[in-house]
Amino acid sequence: MVFVVTKELRELARAIEAGKAEARKLLNEGKLDEAESKTNEVRDLQRKFSIMQVTEEEEREEEEEREGMPLAPPAPAQPITDERRMELLERYLRFRATPEEIRELKRGHEVRDLNTGDPGDGGVLIPDNYMAEIVKSIEAVNSVRQLVRVTPVSLPTGTAPKRITEAGRLNNLDEYGEIQKTASPQYGSIKYSLHKYGDYMPVSREMIEDPVFDILEEVREWFADLARNTENYQVFYGSGISDPLGILKSSDYTTEAAGADITISALRKFALKIGKGYWKTSKWIMNTDAFLVLQDIVDGEGRSILHEDPKNDFEYRLLGRPVEIWDEIETKTGKTHILFGDFKKGYRMFVRKPFELATSAEAGFLTDSTYIRGIERIDGQPWDTNAIRVLKDVVIPS
């Protein structure tokens, strides 16, 4: 759609900008009531501007049709590269983008505002390649996305197929022998329902305009930390009601109570009860308290049962299997839990979209700040419940 800006619209746009400047001045002077009144006037002018745009465009099209003139075709949108989009994003966040650059940044993305009602000049959705960087930051440090299997989904609720029969063996065949069918795999389904988590980050104009402050890196790291902490907690302790069903809240996994004193023999018996198909891919999961308890247990030759990997510093093995420390596992009333198994087979995490970010300068208009909102949608469900075992109530000496 080709749009001609009339003199009246240009004057109205100037009035909107002047009103914003006056409102900001009143706010700095501490005249909050007058600043709020002026802000409401600006919003009314913005609504008027939007209505006039639509009305004048419709009138122009009707006039061209009456005169038999063909409507001007829309200018083809030129694709922009990820690098260009990131450059535009940083200029936008630092209030340096021109109106044309803002339109270029918004091209191909839905424009959203954090307020309800009139969107005004709104905000922009963050480019997909930047959101992908947030996911990489989530996964970079002790993330359950590296521990369990992650399945992308496109719908907020649904089912995922799950094989419920174990494979047997292939038939022994003579040369040119006919293959005989033994058993077919049987499938059930696991229901998932994504849960929505979000937060927002207000950033002052002064901080954004500070050349030393890397706004893109700070936003990425902040929301990555929030998302990682949320996911890690929910995979272990989600209630299964308004949250994912966490491993330690599920009754589907086999649990075993730890004795008053843990021995290498007891740990071996506990671990060997895992199915033989899981042993080579299993690992131990525990918190620091449990790790320190096991470190003090020695074998018959006086060596700790936790063996440090000679090739990798600060990596340990117990009974030949890797040990990972996850301090998301809580110690309460002097007791904690130790988990063992193949967690990629035993638990499934569902995610929709990598991570969603949007910005709005209008939402923080009165405080001269930009709001950056982050949202993710996840669920988690037990999968192969034979793949994980839980040793409960391990005593932690005071």
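Structural data are supplied above this passage.
Residues numbered from 1 in each chain as written. Predicted model: local features only at pLDDT ≥ 70, side-chain atom pairs only at ≥ 80, totals over all residues. Heavy atoms only, no water.

1. Concerning the overall build of the chain
Part 1 of the argument: Across its full length, the chain holds eleven helices and 13 strands.
Part 2 of the argument: Put simply, the chain has 398 residues, and 40% of those count as buried.
Part 3 of the argument: Of the roughly 23400 Å² that the chain leaves accessible, carbon and sulfur atoms contribute 51%. (Helix = DSSP H or I, 4+ residues; strand = E, 2+ residues; numbered from the N terminus. Buried < 20%, exposed > 50% of the residue type's maximum accessible area, 1.4 Å probe, protein only. Areas by Shrake-Rupley, 256 points an atom, 1.4 Å probe, with all protein chains shown as cover.)

2. Some remarks on the environment of Glu315
Part 1 of the argument: You can see Glu315 is positioned in the loop between strand S7 (306-308) and strand S8 (316-318).
Part 2 of the argument: Along the chain, Glu315 and Ile325 lie ten residues apart, while their C-alpha atoms are 9.8 Å from each other.

3. Quick word on the nonpolar core
Part 1 of the argument: Residues Leu267, Trp284, Met286, Leu294, Leu318, Val323 and Ile338 are the most contacted members of the largest nonpolar core, which totals 23 residues.
Part 2 of the argument: Of all hydrophobic cores here, the second largest spans 21 residues; its members include Val235, Tyr237, Phe343 and Met349. (Core = buried A, V, L, I, M, F, W, Y, C linked by side-chain atoms within 4.5 Å.)

4. As for the sheet that holds strand S10 (residues 335-341)
Part 1 of the argument: Spatial strand order, S5-S13-S10-S6-S9-S8-S7: seven strands in an open sheet with mixed pairing. Strand pairing shows two members of the sheet lacking a second neighbour, strand S5 (254-257) and S7, which therefore form its edges. Strand-to-strand, the axes of this sheet are offset by a mean angle of 30°, without reference to chain direction.
Part 2 of the argument: Bridge analysis of S5 against strand S13 (residues 388-395) gives four bridges, and the strand direction is parallel. In the sheet register, Glu256 faces S13, and the bridge partner there is Leu391.
Part 3 of the argument: Where helix H10 (residues 288-295) meets the sheet, it contacts strand S6 (283-286), S7, S8, strand S9 (321-325), S10 and S13, and its direction lies at approximately 115° from that of S6. (Pairing = 2+ DSSP bridges. Axes fitted to C-alpha atoms, helices over the stretch in contact; angles between N-to-C directions. Contact = heavy atoms within 4.5 Å.)

5. Some remarks on the layout of surface pockets
Part 1 of the argument: Estimates place the volume of the second largest pocket at around 580 Å³.
Part 2 of the argument: Every residue lining the second largest pocket is counted, 18 residues in all, and those nearest its centre are Arg163, Thr165, Glu166, Tyr278 and Asp384.
Part 3 of the argument: Mapped by element, the contributors of at least two residues to the lining of the second largest pocket are strand S2 (157-163) and helix H11 (343-346).
Part 4 of the argument: Residue composition of the lining of the second largest pocket, grouped by class: four nonpolar, five polar and nine charged. (1 Å grid on protein atoms, 1.4 Å probe; cavity = no way out; pocket = protein on both sides within 12 Å on 5 of 7 lines; lining within 4 Å. Points joined across faces, edges and corners; volume = space filled by probe spheres on them. Nonpolar A, V, L, I, M, F, W, Y, C, P; charged D, E, K, R; others polar.)

6. What about the side chain of Gln381?
Part 1 of the argument: As for its position among the elements, Gln381 is in strand S12 (residues 369-382).
Part 2 of the argument: Among the polar contacts made by the side chain of Gln381, one reaches the side chain of Asp379 at a distance of 3.3 Å.
Part 3 of the argument: When sequence neighbours within four positions are dropped, the list of residues in contact with Gln381 reads Ile190, Lys191, Leu245, Tyr347, Arg348 and Phe350. (Polar contact = N/O pair within 3.5 Å; in protein donor to acceptor, adjacent residues only side chain to side chain.)

7. Re the sheet that holds S12
Part 1 of the argument: The strand order across the open sheet formed by four strands is S1-S11-S12-S4, and the pairing between neighbours is mixed. Where the open sheet ends on each side, the last strands, each with one partner, are strand S1 (149-152) and strand S4 (195-204). Averaged over all pairs of adjacent strands, the angle between strand axes in this sheet comes to 30°, irrespective of strand direction.
Part 2 of the argument: Two elements, S1 and strand S11 (residues 347-360), share four bridges in a ladder whose sense is parallel. By the bridge assignment, Arg149 is partnered in S11 with Arg348.

8. A short note on helix H9 (residues 264-272)
Part 1 of the argument: Residues of H9 that are buried: Leu267, Phe270 and Ala271. All buried residues of H9 project into a common sector of 95° when viewed along the axis, lining one side. With respect to the buried face of H9, the exposed residues turned more than 90 degrees away are Lys269 and Leu272.
Part 2 of the argument: Along its buried surface, H9 packs onto S5, S6, H10, S8, S10 and S13. (Arc of directions from axis to C-beta.)

9. Some thoughts on the pattern of salt bridges
Part 1 of the argument: Counted under the stated rule, the structure contains 16 salt bridges.
Part 2 of the argument: Lys38 is the partner of Glu41 in a salt bridge, and the nearest nitrogen-oxygen pair spans 2.9 Å. Taken together, the residues Glu41 and Lys38, both in helix H2 (residues 32-66) and three residues apart, mark about one turn of the helix.
Part 3 of the argument: Among the ionic pairs, Asp342 bridges to Lys345, the shortest N-O distance being 3.9 Å.
Part 4 of the argument: Judged by its relative accessible area of 6%, Asp342 falls in the buried class.
Part 5 of the argument: We classify Lys345 as partly exposed; its relative accessible area is 34%. (Salt bridge = Lys/Arg side-chain N within 4 Å of Asp/Glu carboxyl O.)

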